[in-house]
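Examining the three-dimensional arrangement
Residues per chain are reported as follows:
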Amino acid sequence: MKRRLFFNCLNNYNEKSLFLHPKFKDTHNNTVKIIDLLNQKQPTFSFEFYPPKTYHATVELGMNIGQLMKLSPSFVSVTYGAGGSTQNSSFDLSDFLQNNIGWTTMAHYTCVGANREKITQDLELLYQKNIRNLMLLRGDPPKGSTHFPTNTDGFNHGSDLVAFVNAQKRFSIGAGAYPEGHVEASSLEEDIRHLNTKVKAGADFLVTQMFFDNQYYFDFAEKTKTLGIQCPIVAGIIPIINFKQIQRFAELSGAKIPETIIEQLAPYQHDEKKMYQIGVDIAIAQCKDLLAKGAPGIHFYTLNKSTATVDIFESLN
Ligand SMILES: Cc1cc2nc3c(=O)[nH]c(=O)nc-3n(C[C@H](O)[C@H](O)[C@H](O)COP(=O)(O)OP(=O)(O)OC[C@H]3O[C@@H](n4cnc5c(N)ncnc54)[C@H](O)[C@@H]3O)c2cc1C
């Protein structure tokens, strides 16, 4: 309720506020499709946010968005809480970023709890809010379970959702990709075969899960090409600013942190400043290498913060 009030408050503030001053709003971009940006063959820079859970976190996100506005990202994205738990706040935040900030916004959406009727209604709502870009995912199994529960309406894989939404022909569709293989897949090869099904079903572009060793990305890009996957694969990057936190994420997602990085960071676990600097430097080097070797775009998992993203982005420019 408080969170909604905050967004409403910002909405009502509108043009009078410096934060939402028309010069910062690029409303011409409002219905841009991400695949068209990627087809321009200039690297894209995009930021991912999640819906904040508390009033404090909402205010903080608002301030960080203010900082990130000067970077004019190619697009931004908003996650959809595990189990569909944050649907209202995900949609609210997508609406706010798309229509009040004027950023081309991609809303994430998952198969969890999805049936044809609900998906149709939800996507109509997003379409009415000028959202033209979706990241379509299966979603994770519920906590404590290793298997995704069978969905009676047939949405059991990312590809099922992609095919259903693609039939509408009105959204640009992104899907998830896993350079080290998805945690549930028995092999990378099997996972890439399923990825191919997802692309054939209508995914226009892919965004990878975080990875820390670029070789995984380059090998993956080669293997996907060999299988005939031609769509752009945007690299998902997370700077290691909080070692313990990122180590936990990496473990959950199966992304390996190379020993060389662990050796650099481990001695500074109690020195926030030093950890920040090393983490940012590693991310800058990683992004430079990716761009030099042809990655079509970099997607920053911002964790709703702005400082590291600003530092990395400015260094790349
Ligand atoms: C960029 C990105 C953004 C994300 N954002 C969110 C988010 O906002 N909210 C959220 O809850 N989660 C999010 N996730 C996490 C995602 O939901 C999980 O990784 C989930 O476990 C897999 O989703 P998927 O769409 O990639 O699955 P799928 O493509 O369905 O793949 C999942 C597993 O099933 C296998 N598989 C696929 N198709 C078949 C088939 N036909 N037969 C048998 N096996 C098959 C694959 O090999 C893989 O092991 C995101 C992930 C990425 C990479």
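The paragraphs below set out a description of the structure included in this document. (Residues numbered from 1 in each chain as written. Predicted model: local features only at pLDDT ≥ 70, side-chain atom pairs only at ≥ 80, totals over all residues.)

Our next topic: the pairing of strand E8 (residues 297-301). Taken across its five residues, E8 has five buried, putting it largely inside the fold. Neither face of E8 is exposed, since Gly297, His299 and Tyr301 on one face and Ile298 and Phe300 on the opposite face are all buried. In this sheet, E8 lies alongside strand E1 (residues 44-49) in parallel orientation, the contact comprising five bridges. Note that in E8 the partner of Thr44 across the bridge is Gly297. With three bridges connecting them, strand E7 (residues 233-237) and E8 associate as parallel partners. Counted as the bridge partner of Ile237 is Phe300 from E8. (Buried ≥ 20, exposed ≤ 12 C-beta atoms within 10 Å, placed from the backbone. Helix = DSSP H or I, 4+ residues; strand = E, 2+ residues; numbered from the N terminus. Pairing = 2+ DSSP bridges.)

Another aspect to go through is the site of the ligand. The immediate surroundings of the ligand are formed by 25 residues, with Thr79, His108, Gly158, Gly176 and His194 found nearest. When contributions to the shell around the ligand are tallied by element, the ones reaching two or more residues are strand E3 (105-110), strand E4 (133-137), helix H6 (158-166) and helix H7 (188-201). Split into classes, the residues belonging to the shell around the ligand amount to six nonpolar, 13 polar and six charged. (Near = placed C-beta within 6 Å. Nonpolar A, V, L, I, M, F, W, Y, C, P; charged D, E, K, R; others polar.)

With five of six residues buried, strand E5 (residues 172-177) lies mostly within the body of the structure. When E4 meets E5, the two strands line up parallel, connected through four bridges. Paired with Leu134 across the strands is Ile173, a residue of E5. Following the backbone out of E4, through H6 and into the adjacent parallel E5, one traces a crossover that is right-handed. Relative to strand E6 (residues 205-208), E5 is paired through four bridges, and the arrangement is parallel. Considered in E6, the bridge of Ala175 is made with Leu206. What joins E5 to E6 is H7, and the crossover it makes is right-handed. (Right-handed = clockwise from strand over helix to strand, strands pointing away.)

Any link to function would need more than the numbers given here.
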